[in-house]
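The chain contents come next:
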Amino acid sequence: MDSIGVLMACPMFTYLEEELEKRFNLFRFWKVADRAEFLKENCNSIRAVVGNASAGADSDLINALPKLEIVSSFSVGLDKIDLGKCREKGIRVTNTPDVLTDDVADLAIALILAVLRRICESDRYVRSGLWKKGDFKLTTKFSGKSVGILGLGRIGMAIATRAEAFGCPISYYSRKEKPDTKYKYYPSVLELAANSQILVVACPLTEETRHIINREVIDTLGPKGVIINIGRGPHVDEPELVSALVEGRLGGAGLDVYEHEPHVPEELFKLDNVVLLPHVGSGTWETRTAMADLVVGNLEAHFLNKPLLTPVV
Ligand code: 8YV
């Protein structure tokens, strides 16, 4: 397979790069100085693209690669891939579901606890020597708080089962009510927000879910409400979120994702009711290795004419 051209869209994980390099003719797009020139020269040898949550295959890249057969994404989210165009052109698409579910759900719970119990702030309190001057302030209990989940897919469900263990009543919003769950369904995000103390965003990013967390939703959650986002930054109208937090109209936020990563609104840096993570939901050795194995496994299956491991299209 070493004559098959595989284009990696951006740096992701050294192990993945090494495994791809062992098997294919690997092109690293981020190392290319003149992309137009590179595509002109190599477009007929590139048969696969490997993307992730920050760079995938948009319609321009797909149009520039006439021999493209498969996009294998090192992510569960598919928002950086023009799926419509892939369908139209018969290009296969794969992602990395399941293997990252536990890590992302674990991190959602960690963010809830970090925001409510002020874990990062109290760590800073100890390190800066302030404890010697007096005890840390009281914080907010998590166990028993009502948790609303936006998107009850694999990750949403894993967050729900974890939050249940904390004695939290769980409700959710998704496009359709799920037939086989005991959790309470609300037919709109606003109703979910009105009935939740903690709102967790765990749905895929699509045109329908872009800015699904808007000012109305934020104001409905109110000054004691908390937003946790482990989905995608553009789910939330970020300037609205920032002003609500700065003005005290929202109680707190735990964010792993942002509208313009890696840029994070600086107004958030001085707020102690906010915990900011650098998009690390799936970022453990175990999970990223399993994700890389799936990316490579899907490419191998495709080029050996075997069934794909985790097909999307
Ligand atoms: C990764 C993700 O951050 O799976 C997703 O959708 O956002 C993450 O797992 C990313 O794709 C790794 O580079």
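Cut-off values and rules
- Residues numbered from 1 in each chain as written.
- Predicted model: local features only at pLDDT ≥ 70, side-chain atom pairs only at ≥ 80, totals over all residues.
- Heavy atoms only, no water.
- Disulfide = S-S within 2.5 Å.
- Buried < 20%, exposed > 50% of the residue type's maximum accessible area, 1.4 Å probe, protein only.
- Axes fitted to C-alpha atoms, helices over the stretch in contact; angles between N-to-C directions.
- Helix = DSSP H or I, 4+ residues; strand = E, 2+ residues; numbered from the N terminus.
- Parallel < 35°, antiparallel > 145°, perpendicular 65-115°, else oblique.
- Left-handed = near helix turned anticlockwise from the far one by under 90°.
- Contact = heavy atoms within 4.5 Å.
- Nonpolar A, V, L, I, M, F, W, Y, C, P; charged D, E, K, R; others polar.
- Phe/Tyr/Trp six-rings, centres within 6.5 Å; stacked < 30°, edge-to-face > 60°.
- Lys NZ or Arg CZ within 6 Å of the ring centre and 35° of its normal.

J.: Explanation requested: the state of the cysteines in the structure shown.
T.: For the structure on display, the rule yields zero disulfides. We note that Cys10 lacks a disulfide partner, and the nearest cysteine sulfur, in Cys86, lies 16 Å from it. Note on Cys120: no disulfide assigned, nearest cysteine sulfur contributed by Cys168 at a separation of 19 Å. Assessed through its relative accessible area of 31%, Cys120 is described here as partly exposed.

J.: Could you clarify how one ought to interpret the packing of helix H1 (residues 14–23) against helix H11 (residues 285–303) in this entry?
T.: Angle between the axes and distance between the axes: these two values describe a pair of packed helices. One can describe the packing of H1 onto H11 by two numbers: an axis separation of 9 Å at closest approach and a directional angle of 20°. With respect to H11, the element H1 is oriented roughly parallel. Once H1 is placed against H11, the crossing between them reads as right-handed. For the pair H1 and H11, the contacting residues are Tyr15, Leu16, Glu19, Leu20 and Arg23 in the first and Thr289, Ala292, Asp293, Val295, Val296, Leu299 and Glu300 in the second. Its residues assigned to classes, the contact of H1 with H11 comprises seven nonpolar, one polar and four charged.

J.: What exactly am I supposed to notice about the packing of aromatic side chains here?
T.: Within a pair of aromatic rings, the relevant descriptors are the distance that separates the centres and the angle that separates the planes. Enumeration over the complete set of coordinates arrives at nine aromatic pairs. The interplanar angle of 50° and the centroid separation of 6.0 Å between the aromatic rings of Phe13 and Trp285 together place this pair among those described as tilted. Separated by 272 residues along the polypeptide, Phe13 in the loop between strand E1 (5–8) and H1 and Trp285 in helix H11 bring together distant segments of the chain. Overall, the relative accessible area of 67% leaves Trp285 in the exposed class. Ring plane angle 70° and centroid distance 5.5 Å describe the contact between Phe27 and Phe38, whose orientation is recorded as edge-to-face. Taken together, the positions of Phe27 in strand E2 (residues 25–28) and Phe38 in helix H2 (residues 35–42) put the pair 11 residues apart, joining distant regions of the chain. In this structure Phe38 comes out as buried when scored by relative accessible area, which is 11%. The structure contains a cluster of three or more aromatic residues connected by ring pairs, namely Phe13, Tyr15, Phe74 and Trp285. Between the NZ or CZ atom of Arg35 and the centre of the ring of Phe29, over which it lies, the distance is 3.8 Å. The ring of Tyr186 carries Lys184 above its face, with NZ or CZ at 4.9 Å from the centroid.

Nothing here speaks to function; it is all geometry.
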